[in-house]
Amino acid sequence: LVDLGGARAERVVVNLDPFDLNLPATMLGRTIESEEQLSGTLRAEVSEKEVSRLARTQADVPVRDVELEEGEMVVGSEVPVLGVEVPVSVVGDMVLRDGELAFVPRGVSALGEPVPEEFTDELFAGADFSYPLGELPYGAEVTGVEVGSGRLVVSGALQHIPLEQ
């Protein structure tokens, strides 16, 4: 598992940009030597289980579970109605906004039935559905997010990858 600002990615792929290898220094030092900083692109897959864990700890509303389906996210929650907790499902998109991953609700259903939009506006008033990415390693900048079946894929660029640790 790889830590990405508090989120644990199960799979991370880094593609390095082309660079000039200092072959004599590499051969003598037995470590890769280059004149310039290495950079590249990043693709990290975060599991549905991890997204659910983050949602439970970060959301302003109770989160029962999270399902990641191709192109959308479904969040299970509960809301009080006349003193009774009613299960609701919120369908929406995951987007990148101001350096944060944000869930943007598109529709709500309660007890399996769609909830009219005039009620959902009040339901979401003041709720924050975002996850700050914080300081990422290697000058990483997240440039995209997509929801796949059972996973969230975060992509971006790495500006300075160290050659030695």
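Residues numbered from 1 in each chain as written. Predicted model: local features only at pLDDT ≥ 70, side-chain atom pairs only at ≥ 80, totals over all residues. Heavy atoms only, no water.

**Q** Before we go on, may I ask you to explain the overall build of the protein in this structure?
**A** Counting its secondary structure elements, the protein contains 3 helices and 12 strands. For the protein, the residues scored as buried account for 33% of the 165 residues in total. Put simply, of all contacts in the protein between residues at least 6 apart along the chain, 49% involve residues at least 24 apart. Summed over its atoms, the accessible surface of the protein is roughly 10200 Å², and 52% of this surface lies on carbon and sulfur atoms. (Helix = DSSP H or I, 4+ residues; strand = E, 2+ residues; numbered from the N terminus. Buried < 20%, exposed > 50% of the residue type's maximum accessible area, 1.4 Å probe, protein only. Contact = heavy atoms within 4.5 Å. Areas by Shrake-Rupley, 256 points an atom, 1.4 Å probe, with all protein chains shown as cover.)

**Q** Mind showing me how you'd approach helix 2 (residues 48-58) here?
**A** Working note: α-helix, 3.6 residues per turn, so residues spaced by three or four point in the same direction. Buried residues of helix 2: E50, V51, S52, L54 and A55, and no others. Residues of helix 2 that are buried in the fold lie against strand 2 (7-9), strand 4 (38-47), strand 5 (65-69), strand 6 (72-81), strand 10 (130-132) and strand 12 (151-161).

**Q** Which parts of the structure should I look at to understand the sheet that holds strand 3 (residues 11-16)?
**A** Neighbouring strands of a sheet are bound in pairs by backbone hydrogen bonds; such pairs are parallel or else antiparallel. Pairing in this open sheet of 4 strands is antiparallel, and the strands run 3-4-12-11 from one edge to the other. Two strands bound the open sheet, and with one partner strand each, they are strand 3 and strand 11 (141-148). Neighbour-to-neighbour, the strand axes of the sheet open up by a mean angle of 20°, direction not taken into account. (Pairing = 2+ DSSP bridges. Axes fitted to C-alpha atoms, helices over the stretch in contact; angles between N-to-C directions.)

**Q** What am I meant to see in the confidence of the model for the protein here?
**A** One rule of thumb: low pLDDT means the predicted coordinates there are not for detailed reading. Per-chain confidence: the protein averages 83 in pLDDT, with 87% of residues scoring 70 or above. Mean pLDDT in the protein bottoms out at strand 1 (residues 2-4), which sits at 54, and peaks at strand 5, which reaches 95. (pLDDT = per-residue confidence, 0-100.)

**Q** Could you clarify how one ought to interpret the side chain of S77 in this entry?
**A** Its location among the elements puts S77 in strand 6. The contact partners of S77, leaving out residues within four places of it in the chain, are P62, R64, V86, P87 and V88.

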